[in-house]
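What follows is the residue order along each chain.
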Amino acid sequence: MALTKQLISKNCGKIKPESIDGYIQSGGYEGLKKALTMQPKEIIAEVKAAKLLGRGGAAYPVGAKWEHLLEIPHSPKFIVCNADEGEPGTFKDKILLSQDPLRVIEGMTIAAHVFGSHDAYIYIRGEYLAIQKVFQQAIDNAIAEGYLGNRILGTDFTFNIHITSGAGAYVCGENSALLNSIEGKPGYPRIKPPHLAEVGLFSMPTLVNNVESFATIPTIVLDGGNQYANYGTADSGGTKLICLSGLVVNQGVYEIPFGITLRDIIYNPEIGGGIANGKKLKFFHLGGQSGPCGIPEQLDTPYCYAALRSAGLSVGSGAVVILDESVCVVDYLKGVTEFFIHESCGKCTPCREGNQKVYAILCKLSDGTATTQDFKLLKRLITTMTAASFCGLGQSATIALATCLKHFSAEIEDHLHKKCPAGVCFQEQERAAI
Amino acid sequence: MHKELTNEQVLKIIKANGNSKERLLSILLEIQKASGHNSVDEAWAKIVAQELHLPLTKVYNVLTFYAMFSTKHRGKYVIEICKSTPCKVTKSDEIVQMFEEELGINISETTPDNLFTLMHTGCVGACDIGPVAKIGERIYGNLTKEKISNIVSLYRKGDTNGINQAANF
Ligand SMILES: Cc1cc2nc3c(=O)[nH]c(=O)nc-3n(C[C@H](O)[C@H](O)[C@H](O)COP(=O)(O)O)c2cc1C
Ligand code: SF4
Ligand code: FES
C-alpha cells in the first residue's frame with residue numbers, strides 16, 4: 001500500500017497553477033461553495049473535528065484559534081497568511097504557493113467567510129519573488145471568474161487578498177513581527193498580550209495561519225473534519241507535508257499521513273529511500289534549525305505530534321534533514337548557531353548575546369581550546385536563553401544544541417581533548433603537525 | 001555602464017505603489033531592483049521619506065533591518081550562496097570557493113567591473129537541490145564546477161535565455 005497521500009498536494013505538478021479552469025476541473029472551489037451554505041460555527045466545528053494543528057511550526061490548534069477570534073466582537077477582522085517560510089530545510093509552502101495557489105486562496109476565502117473579513121494579506125518571503133508573480137496571477141484570475149473580489153459567486157460577500165513581500169528576515173515569520181513587517185516597519189516581535197486575535201494588524205482583530213494550514217481548509221470543509229482526522233492519529237489529524245533534505249537519497253516534499261514511523265520516512269523507497277552514497281545515518285534534524293535532533297535509536301517513533309513530543313522530538317515546520325556519519329556534531333551546531341546569530345533581531349540580550357557566546361564556545365571546541373568550564377557555560381546559556389528570550393527565536397535557538405548534548409555528549413567531550421571522531425575538526429592543525 | 005535611476009523614476013515607483021506607509025518595503029525593494037547597483041542611495045531614501053511622510057530614520061530603520069537591502073553599491077548581479085545547514089552538509093563551502101575562483105574575488109566582494117557581488121545567505125527554500133546559489137530572482141541548484149563556469153559566463157554575456165534555462169525556477 002502506498003505510504004504517501006495526496007489530499008493537499010494532489011494538484012501539485014498536475015495542473016496549471018494559476019488557471020481557474022484547471023483548478024475547478026480537479027474539484028477546486030467545491031469547499032468554498034459548501035462553506036457559503038454553512039454558518040461560521042458549523043465550519044469551525046469541522047476544523048476542530050479535523051484536529052488540525054497549525055502547520056507553521058508552533059502546532060497551535062487551528063479550530064481553537066478560530067473559535068477564539070469568532071468570539072471577539074470588534075471588526076474589521078483581518079486574515080493573514082504566513083508565507084515567510086524561513087526555517088532552513090523547509091520548502092513545502094513554496095510547493096503549494098507555486099503549484100496550487102488557488103487552494104491557498106480558497107482556504108483564505110473560507111476563513112474570510114467565517115469572520116466576515118474583507119481584506120487579507122499574504123506575506124510571501126522576498127526570496128520567493130518569482131512565486132509572488134504566480135500567486136498574483138492566480139488572484140487576478142480568481143477575481144475575473146468571480147471567486148474573489150466583489151460579490152463572490154453572486155453573493156454579497158466581498159473579499160480581497162493583498163500580497164506583501166518580505167525582505168530577508170527570518171524573525172518576520174514570528175506572527176507579531178510579521179504584522180509589523182506588513183505595516184511597513186522593521187520586523188521586531190511585539191509584546192504579548194494583547195493577543196493578535198484582539199490587537200493584530202493595524203490594531204484590529206487578526207487571524208494568522210500558515211500556508212499549509214489554509215490549504216487544508218477546503219478539504220476539511222468538503223470531506224468533513226472527521227474524515228480528514230481519520231487519515232492521521234488520535235492526536236494529530238490528517239496529513240502533513242514534510243521536506244526531506246541533506247544526505248538522503250530522495251530529497252523533496254512528501255505528503256504523509258501522521259503515524260508512519262521516522263524509519264518509513266527516511267528509508268522507504270517511496271519517500272526518503274535511505275542515506276545517500278551508501279553511508280550510515282548518524283542523526284536527523286526535525287522541524288527546522290529551531291527543532292530538535294534525533295538519533296537512529298529513535299527511528300521507530302511514529303511521526304505525529306504526541307509521539308514525537310514524548311521522544312523529545314517535534315514536527316515543527318515539517319523539515320527533516322538527514323545527516324550521515326561524515327558530519328561532525330560540533331561543526332553542524334556551528335552552522336545552526338551562525339544562522340541564529342544572523343537572524344536574531346537584537347531586541348533582547350539573551351538572544352543577541354547568547355547566540356554569540358554559544359558560537360564562540362563551539363568554535364573553541366572545534367579548534368581544541370575549549371575547557372570544561374566552557375562546557376558548563378554552554379549548559380547555562382541554554383537554560384538562560386530558553387527562559388529569558390523575548391520571542392520564539394531566542395527561546396528555541398538552543399534546542400538542537402540541547403538535544404545534541406544529550407545524544408552526543410561523548411563526541412562533544414572528545415573535542416575537549418582535541419579529538420573529532422568524524423574527522424572534520426583539527427584538520428589544519430594535524431596537517432601543520434606533519 | 002548601468003544607467004542611474006533618476007528622481008523622476010523613483011517618484012514613479014512610489015506613485016505606482018501608492019504612498020501609504022505599509023508600501024515602504026515594496027517601494028524600497030523596487031527601487032533597489034531598478035538601481036542597477038542593487039542598493040538604495042541616500043538621495044532616494046530621502047525622496048521616499050518625504051513622499052510617505054516618514055522621518056528619514058524610519059526609512060533607514062527598514063533599510064538596515066532587512067537583509068535583502070543594501071545601502072552600499074553592489075554588483076549588477078548579486079550571487080548569494082546558501083550556507084544554512086542542509087546546504088552546508090551538501091558542501092556549500094566548496095561552492096563558495098569555486099565561485100571565488102571563477103570570479104577572482106573573495107566572498108563579500110564585488111568584481112572590478114561591478115558585474116558580480118558574491119555573498120552568503122540563509123536558506124532560500126531550495127534545500128532539496130543543495131548546494132544552491134540565488135542570483136536575483138533565480139535559483140541554481142545541484143551546483144558543480146562546470147555548472148558554475150557556465151552560469152557565470154551566461155551572466156557575463158547577458159544571455160537571458162540561457163540564464164533562464166540554466167535556472168531551476
Ligand atoms: C522565529 C519564528 C519564525 C517563524 N517562522 C514561521 C514561518 O516562516 N512560517 C510560518 O507559517 N510560521 C512561522 N512561525 C510560527 C508563527 O509565529 C505562527 O505560529 C504561525 O504563523 C501560525 O500559523 P499556524 O497556526 O497555521 O501554524 C515562526 C515563529 C517564530 C517564533
Ligand atoms: S529572542 Fe531574538 S529574535 Fe526574538 S526578540 Fe529577542 S533578540 Fe529578537
Ligand atoms: S538550506 Fe540551502 S536552500 Fe535551504
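Since the model is a prediction, treat every value here as computed from it, not as a measurement.

Caption draft 1: Geometry of the domain arrangement of chain A. All names here are of chain A. Split into domains, chain A comes out as domain 1 (20-229), domain 2 (239-324) and domain 3 (329-433). Using C-alpha coordinates to define each centre, domain 2 is positioned 23 Å away from domain 3. Contacts between the two partners involve 14 residues from domain 2 and, on the opposite side, 15 residues from domain 3. There are one salt bridge connecting domain 2 and domain 3.

Caption draft 2: Spotlight on the site of ligand 1. Residues and elements named next belong to chain A. The environment of ligand 1 is formed by 19 residues, the closest being Gly 56, Asn 82, Asn 209, Asn 210 and Ser 213. Here Gly 86 contributes a backbone N or O atom positioned 3.3 Å from an oxygen atom of ligand 1. Residue Asn 209 places a side-chain N or O atom 2.8 Å away from an oxygen atom belonging to ligand 1. Considering ligand 1 on its own, with 610 Å² of exposed area, one finds that the protein chains cover 89% of that surface. Secondary structure elements with two or more residues in the shell around ligand 1: β4 (206-210) and α16 (392-396). Grouping the constituent residues of the shell around ligand 1 by class yields four nonpolar, ten polar and five charged.

Caption draft 3: Structural detail: the packing of aromatic side chains. For the structure on display, the rule yields 20 aromatic pairs over all chains. When the centroid spacing of 6.2 Å and the interplanar angle of 65° are considered together, the rings of A:Tyr121 and A:Phe202 count as edge-to-face. With A:Tyr121 in strand β2 (residues 119-124) and A:Phe202 in the loop between α8 (175-182) and β4, this pair connects stretches of sequence that are 81 residues apart. Plain terms: the ring middles of B:Tyr77 and B:Phe116 are 5.9 Å apart, the flat faces sit at 35° to each other, and that makes the pair tilted. With B:Tyr77 in strand β1 (residues 77-82) and B:Phe116 in strand β2 (residues 116-121), the pair connects residues that are 39 residues apart, well separated along the chain. Taking the relative accessible area as the measure of exposure, B:Phe116 reaches 1% and is therefore buried. Chaining the aromatic ring pairs together yields one cluster made of A:Tyr188, B:Phe65, B:Tyr66 and B:Phe69. Positioned above the aromatic ring of A:Tyr128 is the side chain of A:Arg125, whose terminal nitrogen or guanidinium carbon lies 5.3 Å from the ring centre. When the ring centre of A:Phe408 is taken as origin, the NZ or CZ atom of A:Lys282, which lies over that ring, is 5.8 Å away.

Cut-off values and rules
- Position labels on residues start from 1 in each chain and follow its written sequence.
- To read the labels, note that chains go from A and ligands from 1, taken in the order they are written.
- pLDDT decides what is reported in this predicted model: residues at 70 or higher carry local features, side-chain atom pairs at 80 or more are listed and counted, and totals for whole chains, interfaces and linings draw on all residues regardless.
- In computing side-chain properties, one takes all heavy atoms of the structure into account and sets aside hydrogens as well as water.
- Per the annotation, domain bounds derive from an automatic or database assignment of domains.
- Contact between two residues is taken to exist if any of their heavy atoms lie within 4.5 Å; hydrogens are not considered.
- Here, a salt bridge means any side-chain nitrogen of Lys or Arg that lies within 4 Å of a carboxyl oxygen of Asp or Glu.
- Here a residue is considered near a molecule or strand provided that any single heavy atom belonging to it is located within 4 Å of it.
- In protein, a polar contact requires one atom able to donate a hydrogen and another able to accept it; more generally it is a pair of N or O atoms within 3.5 Å, and residues adjacent in sequence count only if both atoms are side-chain atoms.
- Per-residue accessibility takes into account occlusion by the displayed protein chains alone, with areas from the Shrake-Rupley method and a 1.4 Å probe.
- Going along the chain from the N terminus, every DSSP run of H or I of four or more residues is numbered as a helix, and every run of E of two or more is numbered as a strand.
- The nonpolar class holds Ala, Val, Leu, Ile, Met, Phe, Trp, Tyr, Cys and Pro. Asp, Glu, Lys and Arg form the charged class, and all remaining residues, Gly among them, are polar.
- Think of it this way: a Phe, Tyr or Trp ring, Trp meaning its six-membered ring, pairs with another when their centres are within 6.5 Å, and the plane angle makes it stacked under 30 degrees, edge-to-face over 60, tilted otherwise.
- Accessibility here uses a 1.4 Å probe with only protein chains present; expressed as a share of the type maximum, an area under 20% marks a residue as buried, one over 50% as exposed, and anything in between as partly exposed.
- By definition, being over a ring means that NZ of Lys or CZ of Arg is both within 6 Å of the ring centre and within 35 degrees of the ring normal.

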